[in-house]
Amino acid sequence: MAKRRETMEISASQQANESTGYTVFPEAPVHFPIPASLAPFPPYLQAAIIKAVGICKPRPATDIWYQDRGTGSVYVIRHGIQWQFNKTASFIWMKLGNGVTVKEIVEQLCREYTEDNAEDIEFQTVEFVLHALSYGVLDIAEDEEVPPPGERAES
C-alpha cells in the first residue's frame, strides 16, 4: 500500500495542548509512546489487519464524554486525561455502539468524504480505532447490544 494521505485529519504526531493542559486526540501526549501504526507492515499484513479490525464492533470505553454543539468536536475523559477529537474522529465516535462494525463506519465515512479514496479512509479509520484501543478510549463489544453515544446521557 502506498503512503497514506492526511485527508481525514487523523494523525498520530506527538503534541500536547499546553494552553489547557489537556491532551489533543488523536495526537498522543509527549509522555505517552505512540502506538505502532500499520505503516511498517508489509501490504499483505496491512490488508489482513484491516480485514480483521473491520469486523470488530468498537464501543466507547467511558460514559464521560460530551460533544461541543458549536464545533461538533467530541471530548472524552478517560484515565484522567481529556481527549479532544478532531472532526473525523468525532464522526467515528458518534457512530459507535449498537453493534456497528468498523467496516460499516468506513462505509458511512466514504459517503461523507466522497472525494477521498475509500482505501485511504479504511486505512485511517482502522489506525484511529487501533490508537483509541491502545489508549483505552475504545474497547471491542462482544455480542451484547451497546447504545450508541448519541443515545447516552450527555454531560
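This is a predicted model, so every value here is computed, not measured. (Residues numbered from 1 in each chain as written. Predicted model: local features only at pLDDT ≥ 70, side-chain atom pairs only at ≥ 80, totals over all residues. Heavy atoms only, no water.)

Before we go on, may I ask you to explain the packing of helix H2 (residues 87-95) against helix H3 (residues 102-112) in this structure?
Helix-helix packing is described using two parameters, namely the angle between the two axes and the distance between the axes. Here H2 crosses H3 at 135 degrees, and the two axes come no closer than 10 Å. With respect to H3, the axis of H2 lies oblique. Read as a crossing pair, H2 and H3 show a hand that is right-handed. Facing Thr88, Phe91, Ile92 and Lys95 of H2, the residues of H3 in contact are Ile105, Gln108, Leu109 and Glu112. In the contact of H2 with H3, the residues fall into four nonpolar, two polar and two charged. (Axes fitted to C-alpha atoms, helices over the stretch in contact; angles between N-to-C directions. Helix = DSSP H or I, 4+ residues; strand = E, 2+ residues; numbered from the N terminus. Parallel < 35°, antiparallel > 145°, perpendicular 65-115°, else oblique. Left-handed = near helix turned anticlockwise from the far one by under 90°. Contact = heavy atoms within 4.5 Å. Nonpolar A, V, L, I, M, F, W, Y, C, P; charged D, E, K, R; others polar.)

Before we go on, may I ask you to explain H2 in this structure?
Within an α-helix, residues lying three or four positions from one another point in the same direction, as the helix has 3.6 residues per turn. Within H2 the residues assigned to the buried category are Thr88, Ala89, Ser90, Phe91, Ile92 and Trp93. Contact partners of the buried residues in H2: strand S2 (58-60), strand S3 (65-67), strand S4 (74-78), H3, helix H4 (118-134) and strand S6 (138-140). Taken from the residues just after H2, Gly97 is the one with a positive phi, measuring 95 degrees. (Buried < 20%, exposed > 50% of the residue type's maximum accessible area, 1.4 Å probe, protein only.)

For this particular structure, what's the right way to read unusual backbone geometry?
A negative phi holds for most residues other than glycine; trans holds for most peptide bonds. For His79, which is not glycine, the phi torsion reads 55 degrees and is therefore positive. Within the secondary structure layout, His79 lies in the loop between S4 and strand S5 (81-84).

Looking at this structure, how should I read the nonpolar core?
Soluble globular proteins tend to bury their nonpolar side chains together. Formed by 29 residues in total, the largest nonpolar core has its most connected members in Val76, Phe85, Trp93, Phe128 and Val137. Contributing elements (two or more residues each) for this core: helix H1 (43-54), S4, S5, H2, H3 and H4. Those residues in contact with Val76 that sit more than four places away from it in its chain are Thr62, Ile64, Trp65, Ile81, Gln82, Trp83, Phe85, Trp93 and Val137. (Core = buried A, V, L, I, M, F, W, Y, C linked by side-chain atoms within 4.5 Å.)

Help me understand the pattern of salt bridges, please; the structure alone is not making it clear to me.
As a working rule, side chains carrying opposite charge can pair if their charged atoms are close by. What the rule picks out here adds up to one salt bridge. Across the pair Arg59 and Asp139 runs a salt bridge, and its minimum N-O distance is 2.7 Å. Separated by 80 residues along the polypeptide, Arg59 in strand S2 and Asp139 in strand S6 bring together distant segments of the chain. Residue Asp139 is classed as partly exposed on the basis of its relative accessible area, which comes to 26%. (Salt bridge = Lys/Arg side-chain N within 4 Å of Asp/Glu carboxyl O.)

Which parts of the structure should I look at to understand the packing of H1 against H4?
One can describe the packing of H1 onto H4 by two numbers: an axis separation of 10 Å at closest approach and a directional angle of 70 degrees. Here H4 runs roughly perpendicular to H1, going by the angle between their axes. The interaxial crossing formed by H1 with H4 has left-handed handedness. In this structure, H1 contributes Gln46, Ile49, Ile50 and Val53 to the contact, and H4 contributes Glu122, Phe123, Val126, Val129 and Leu130. A breakdown of the residues in the contact of H1 with H4 according to their chemical character gives seven nonpolar, one polar and one charged.

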